[in-house]
Amino acid sequence: MPSAPALSPGVHLVDAHCHLDEGRFTGDRDAAVARAVAAGVTRMITIGASDALQANDDAIRLATTHAGVFATVGVHPHAATMVSPAVMDDLGRLAGHPRVVGIGETGLDYYYDNSPRPVQQDAFRQFISLARRVHLPLVIHLRDAYADAAAIMRAERAAEIGGVIHCFSSDRADARVFLDLGFDLSFSGIVTFKNADELRAVAAMVPADRFMVETDAPFLTPVPHRGKRNEPAYVIFTAAAVAAARRQSLDEVAARTRTNTERRFHLPRE
Ligand SMILES: [Zn+2]
Ligand SMILES: [Zn+2]
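Residues numbered from 1 in each chain as written. Chains lettered and ligands numbered in written order. Predicted model: local features only at pLDDT ≥ 70, side-chain atom pairs only at ≥ 80, totals over all residues. Heavy atoms only, no water.

Engineer: Explain the pairing of strand 5 (residues 138–143) residue by residue, including any values.
Structural biologist: When you tally the buried positions in strand 5, you get five out of six residues, the bulk of the element. The pairing of strand 4 (residues 100–109) with strand 5 spans six bridges and is parallel. Within strand 5, the residue paired with L108 across the bridge is L142. Crossover connection from strand 4 via helix 4 (residues 117–134) to parallel strand 5: handedness right-handed. Pairing of strand 5 with strand 6 (residues 163–165), which is carried by three bridges, proceeds in the parallel orientation. If you follow I140 over to strand 6, its bridge partner there is I165. On the question of chirality, the crossover connecting strand 5 to the parallel strand 6 by way of helix 5 (residues 146–155) is right-handed. (Buried < 20%, exposed > 50% of the residue type's maximum accessible area, 1.4 Å probe, protein only. Helix = DSSP H or I, 4+ residues; strand = E, 2+ residues; numbered from the N terminus. Pairing = 2+ DSSP bridges. Right-handed = clockwise from strand over helix to strand, strands pointing away.)

Structure representation (structure tokens):
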């Protein structure tokens, strides 16, 4: 295996999207955060929206106990049937927590269709409204649903709120649509996969101030660790693949994505 890419001293990366609350981190959670920080990944945004509402409390707790961890709150499109007025009230209250920096992940997943599509669409609209009300950026999850999502985002004027399409994995035409809608693109470990030439073409064309990198850990582990559990420290491999696609250095992409993520999520100065 070639030696792992490393950041120069003083250069830091932000993992824009991970799920530290997931059971696969049990027993290793604090160590995973420590390994990330030691590798220069000093900040990470842990996503509160897993399949249970409790995940939002877990995410906030992690963000309060680790200096480099921030949280979002929401309900994953897989679990959209769970959304009710009471749930939205609860999430609105949690969104006021000082360590909560975004709303999501919300969006549409037509690949798994774990919740009926009209229910996903309705929940997505409600989360766009919530983000508008609490003045927080949106973290959007899309799978096989780019056209419907763009239509909803236009109708709901989501551009006025802004945010990120997390784990962006479509083509250059879709990239242009969502950039024009005012949303940044976040690249995951998929950009390191052998068959991801089109995604690397997206990485090469995205404007310097409009992209981020993420792990989506414990999922989507980048090459060369594919098959193992993902963790925030591995965002360096994703950043290195994006840097190669853009013909830039890893340090440049790290600094750039850090600035972009900190600005979009209004993270406090380190
Ligand atoms: Zn997602
Ligand atoms: Zn996620």
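Engineer: An account of the coordination of the zinc ion (ligand 1) is requested, with residue identities and associated values reported.
Structural biologist: With distances of 1.9 to 2.1 Å, the protein atoms coordinating the zinc ion (ligand 1) are E105 (OE), H141 (ND1) and H166 (NE2). Binding-site remark: the zinc ion (ligand 1) is held by donors from one chain whose sequence spacing is E-x35-H-x24-H. (Donors = N, O, S within 2.8 Å, 3.2 Å for Na, K, Ca; no water.)

Engineer: Quick rundown of unusual backbone geometry? Include the residues and the values.
Structural biologist: For residues besides glycine, phi is generally negative; the peptide bonds are generally trans as well. In the segment running from A217 into P218, the intervening peptide bond is cis, with an omega of 10°. Along the chain, the position of P218 falls in the loop between strand 8 (211–213) and helix 8 (235–246). Backbone geometry places D113, a non-glycine residue, at a positive phi of 50°. As for its placement among the helices and strands, D113 is situated in the loop between strand 4 and helix 4. Assessed through its relative accessible area of 34%, D113 is described here as partly exposed.

Engineer: With reference to specific residues and values, describe the side chain of T192.
Structural biologist: Relative to the helices and strands, T192 is located in the loop between strand 7 (183–187) and helix 7 (197–205). Side-chain polar atoms of T192 contact the backbone oxygen of G189, separated by 2.6 Å. Excluding residues within four positions of it along the chain, T192 makes contact with R200, P222, V223, F237, T238 and A241. (Polar contact = N/O pair within 3.5 Å; in protein donor to acceptor, adjacent residues only side chain to side chain. Contact = heavy atoms within 4.5 Å.)

Engineer: Help me get a handle on the coordination of the zinc ion (ligand 2), residues and values and all.
Structural biologist: For the zinc ion (ligand 2), the full set of protein donor atoms is H17 (NE2), H19 (NE2), E105 (OE) and D216 (OD), and the range of their distances to it is 2.0 to 2.4 Å. Viewed at the metal, the four donor atoms of the zinc ion (ligand 2) are separated by angles of 88 to 177°, and the geometry they form is irregular. Along the chain, the residues that donate to the zinc ion (ligand 2) are spaced as H-x1-H-x85-E-x110-D. (Tetrahedral: all angles 85-135°; square planar, octahedral: opposite > 155°, others 65-115°.)

Engineer: Lay out the pairing of strand 4 with the relevant residues and their values.
Structural biologist: Burial analysis of strand 4 places 10 of its 10 residues in the buried class, the great majority of the element. Bridging between strand 3 (residues 69–73) and strand 4 involves three bridges; their strand directions are parallel. Considered in strand 4, the bridge of V73 is made with I103.

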